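Overview (structure and organization)
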Amino acid sequence: MLATGMSILNAVSSSLVAVTAFGLTTAASYAWSGLISWGLAGLFVAGGIAGGLIGTRLAQLASTRRGALNTVFAAVIIAVALYMLARNLTLS
């Protein structure tokens, strides 16, 4: 956000586009190789759609409070980073 000057909504949206592109590429590769459990994949797709709809609504609600979406986004990034750090330290 700092380097590009984009808003938090644009930053979240562009990161979702990147995740979708990588996810679709990986899914296509696995499908082509015959390594997909289609029932489980359907559950993940349904959960992703539901989560996307809920997340969109929550983002709209949070955007009315100045800085709330920035705080939530930063907290999620920090939580994921701490989880990854803790997991990597315990694996060593």
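Refer to the preceding data block for the structure.
Let me begin by describing the structure that accompanies this report. (Residues numbered from 1 in each chain as written. Predicted model: local features only at pLDDT ≥ 70, side-chain atom pairs only at ≥ 80, totals over all residues. Heavy atoms only, no water.)

All right, on to the packing of helix H1 (residues 8–33) against helix H3 (residues 68–91) then. The relative placement of two packed helices comes down to the angle between their axes together with the axis-to-axis distance. In the contact formed by H1 and H3, the axes pass within 10 Å of each other and the chain directions differ by 40 degrees. By the criterion of interaxial angle, the relationship of H1 to H3 is oblique. In this structure, H1 contributes Ile8, Leu9 and Val12 to the contact, and H3 contributes Leu69, Asn70 and Phe73. Tallied by class, residues from the contact of H1 with H3 come to five nonpolar, one polar and no charged. (Axes fitted to C-alpha atoms, helices over the stretch in contact; angles between N-to-C directions. Helix = DSSP H or I, 4+ residues; strand = E, 2+ residues; numbered from the N terminus. Parallel < 35°, antiparallel > 145°, perpendicular 65-115°, else oblique. Contact = heavy atoms within 4.5 Å. Nonpolar A, V, L, I, M, F, W, Y, C, P; charged D, E, K, R; others polar.)

With that settled, consider H1. Each α-helix winds once per 3.6 residues, and so residues spaced three or four apart point in a common direction. End to end, H1 covers 38 Å across 26 residues, agreeing with the expected 38 Å (1.5 Å per residue, within 8%). Trailing H1 by a residue or two, Gly34 shows a phi angle of about 75 degrees, which is positive. (Expected span 1.5 Å × (residues − 1).)

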